[in-house]
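The lines below spell out each chain.
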Amino acid sequence: MKDPAEQSHQQFHLAQLGWDKTRQAEVDQIATPDLHPGRIGVAVRGRYQVLGLAGTRAQWASCRKSVIPSDAGLSPFPAVGDWALVRRDRDTVVIERLLIRRSFFVRKTAGRVTQPQVIAANVDRVLIVTAVDRDFNLRRIERYLATVWAGGAEPVIVMNKTDLSHDRVRLVGELENVAPGVRVIMCSAQDDHDLSQVVALCELGMTVALVGSSGVGKSTIINRLAGAERQATNPVRARDHRGRHTTARQELMVMPSGAILIDTAGLRELGLWEAEEGVGRTFADIEGMAQRCRFRDCRHTGEPGCAVETAIRNGSLDQERLDGYLRLQREMEHTKLRADARASSGSKKRWKEIAKSARQLYRLRKDLGMKEK
């Protein structure tokens, strides 16, 4: 197997990484000749591998949090796929600022902490990879779709391991019901069956991210696209078909076709972050029905004149789909309340520090016998 970090020994031109005239115009406006553009290839524990620096191979850099602007309330820390301006000083490389993120795939940080985590930035297309085994879950796919739509990228559903099932018509029908208008690709990366459709999605200069649970075959798909064993792979557990983490970090790779791929670690938890627009687009059918409810603030949980519940009764809407929609709505409301409380707590803490400093200054002036103005 080839070293997964082998591209760190290669030199990439900016154009190979997706650089375009718009990005160049953005840099020209900043007008700082001592800063150099590059793209984040790996982000791990506060260290960032930067690709595309003129005349050099990939270099590891640190960043200055105070000068890196955040956008749309997202984390100010660099993420894989970000375009950055760096300062090089002998053997030191420091990220000074990020360029505007055109799109992103972001989730709420796993666990109890209520803050965003950017998984990948500046992505044109996101392949939501699932598999024909126990991983197949329509509610999870709806969650991924809402996240992709909210981030401004194009979602595509890739159903892998179709060699395990022959009921393609049923699977495609179920997916089309929860993702109308979204492309669905059936393939088996293990034997290259129908993988040509995936290859066609990875166009020259396009940044494509692969997301999904552990064990669905993301790394295997990338190896097929690369024509080499770029990523390590592990079989799923036989007893429960659960995947084991193979990719432990996000990583950007340039494919022989000229596409830029971002492989992501398997996500066992995908909390929504400011995904109202994405949820609305994913559940456009339900939100369209809601326009006919008697009350504008109808919760679709027993209110009189609810058009959504009427659709449930006449069979034109599935109860599980409505339950999934309401679950995501409740989750977003809860996350927003937690985030607002956290912001309020941070503001109170800052004011307490200011008041404490003022008291200390007052005592110091008093001890020195200085008169108050």
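Rules used in this analysis
Positions within a chain are numbered from 1, following the residues in the order the chain's sequence is written. pLDDT decides what is reported in this predicted model: residues at 70 or higher carry local features, side-chain atom pairs at 80 or more are listed and counted, and totals for whole chains, interfaces and linings draw on all residues regardless. The side-chain values count all of the structure's non-hydrogen atoms but skip hydrogen atoms and water molecules. Basic side-chain nitrogens of Lys or Arg form a salt bridge, by our definition, when they fall within 4 Å of a carboxyl oxygen of Asp or Glu. A run of DSSP states H or I qualifies as a helix once it reaches four residues; a run of E qualifies as a strand once it reaches two. Both are numbered from the N-terminal end. Counting rule for disulfides: a pair of cysteine sulfur atoms within 2.5 Å. Only protein chains enter the calculation, and the probe is 1.4 Å; a residue is then buried if its accessible area is under 20% of its type maximum, exposed if over 50%, and partly exposed in between. Put simply, a nonpolar core is a bunch of buried Ala, Val, Leu, Ile, Met, Phe, Trp, Tyr and Cys residues held in one set by side-chain atoms that sit within 4.5 Å of each other. Any two residues whose heavy atoms approach within 4.5 Å at even a single point are treated as in contact. What counts as a ring pair is set by centres within 6.5 Å for rings of Phe, Tyr and Trp (its six-membered ring), and what kind of pair is set by the plane angle: stacked under 30 degrees, edge-to-face over 60, tilted for all other angles. At least two DSSP bridges between two strands are needed for those strands to be called paired. Only four residue types enter the tally: Lys and Arg on the positive side, Asp and Glu on the negative side; His and the chain ends are excluded. Any N or O atom pair separated by 3.5 Å or less is treated as a polar contact, with the protein-specific requirement of one donor-capable and one acceptor-capable atom, and with residues adjacent in sequence counted only for side-chain atom pairs.

Caption draft 1: A look at the pattern of salt bridges. As enumerated under the stated definition, the model contains 16 salt bridges in all. Across the pair Asp34 and Arg87 runs a salt bridge whose closest N-O atoms are separated by 2.2 Å. Taken together, the positions of Asp34 in the loop between α1 (21-30) and β1 (36-44) and Arg87 in strand β4 (residues 83-89) put the pair 53 residues apart, joining distant regions of the chain. Three or more residues are tied together by salt bridges with common partners; here these are Arg139, Glu142, Asp285, Glu320 and Arg321.

Caption draft 2: Examining the state of the cysteines more closely. Using the criterion set out here, one finds 0 disulfides in the structure. Sulfur of Cys293: no disulfide; nearest cysteine sulfur belongs to Cys306 and is 4.0 Å away. Cys306 supplies the cysteine sulfur nearest to Cys298, a cysteine that is in no disulfide, at a spacing of 3.7 Å. Of the residues examined, Cys298 reaches a relative accessible area of 10% and is grouped as buried.

Caption draft 3: Structural view of the nonpolar core. Of all hydrophobic cores here, the largest spans 43 residues; its most connected members are Phe105 and Val126. Per element, the largest residue contribution to this core is 6 residues, and it comes from helix α2 (residues 138-151). Once residues within four sequence positions are removed from consideration, Phe105 is found in contact with Gln117, Val118, Ile119, Ala120, Tyr144, Thr147, Val148, Val211, Leu267 and Leu270. Of all hydrophobic cores here, the second largest spans 24 residues; its members include Val129, Val158, Ile221 and Leu261.

Caption draft 4: Quick look at the packing of aromatic side chains. On inspection of all chains with the given rule, the structure shows 3 aromatic pairs. Seen from their ring centres, Phe105 and Tyr144 are 6.3 Å apart, and the 20 degrees between their planes marks the pair as stacked. With a gap of 39 residues between them, Phe105 in strand β6 (residues 104-108) and Tyr144 in helix α2 connect regions that are remote in the sequence. An identical accessibility class is assigned to Phe105 and Tyr144; each is buried.

Caption draft 5: Region of the structure containing the environment of Ala339. Along the polypeptide, Ala339 turns up in helix α9 (residues 319-367). Counting along the chain gives 226 residues from Ala339 to Val113, while the straight-line C-alpha distance between them is 9.3 Å. Residues contacting Ala339, with those up to four places away along its chain left out, are Thr114 and Trp273.

Caption draft 6: Molecular detail of the pairing of strand β13 (residues 260-263). The alternating pattern of β13 places Ile260 and Ile262 on one face and Leu261 and Asp263 on the opposite face, and all of these are buried. Two elements, strand β11 (residues 207-211) and β13, share 4 bridges in a ladder whose sense is parallel. The residue bridging Ala209 from the neighbouring strand is Ile262, located in β13. Summarising the sheet, strand β12 (residues 251-254) and β13 pair through 4 bridges and their orientation is antiparallel.

Caption draft 7: Up close: the side chain of Arg107. Looking at the element boundaries, Arg107 is found in strand β6. The side chain of Arg107 is buried and forms no salt bridge, while Glu269, the nearest opposite charge, is found at 6.1 Å. Within the structure, the side chain of Arg107 is placed 2.5 Å from the backbone oxygen of Glu269, a separation counted as a polar contact. Apart from residues lying up to four places away in sequence, Arg107 is in contact with Gln115, Pro116, Gln117, Ile119, Leu267, Glu269, Leu270, Gly271 and Trp273.

Caption draft 8: View of unusual backbone geometry. Backbone geometry places Lys161, a non-glycine residue, at a positive phi of 65 degrees. Mapped onto the fold, Lys161 is located in the loop between β9 (154-160) and α3 (168-178). Judged by relative accessible area, which is 17%, Lys161 ranks as buried. The phi angle at Glu274 is positive, at roughly 45 degrees, despite the residue not being glycine.

Any link to function would need more than the numbers given here.
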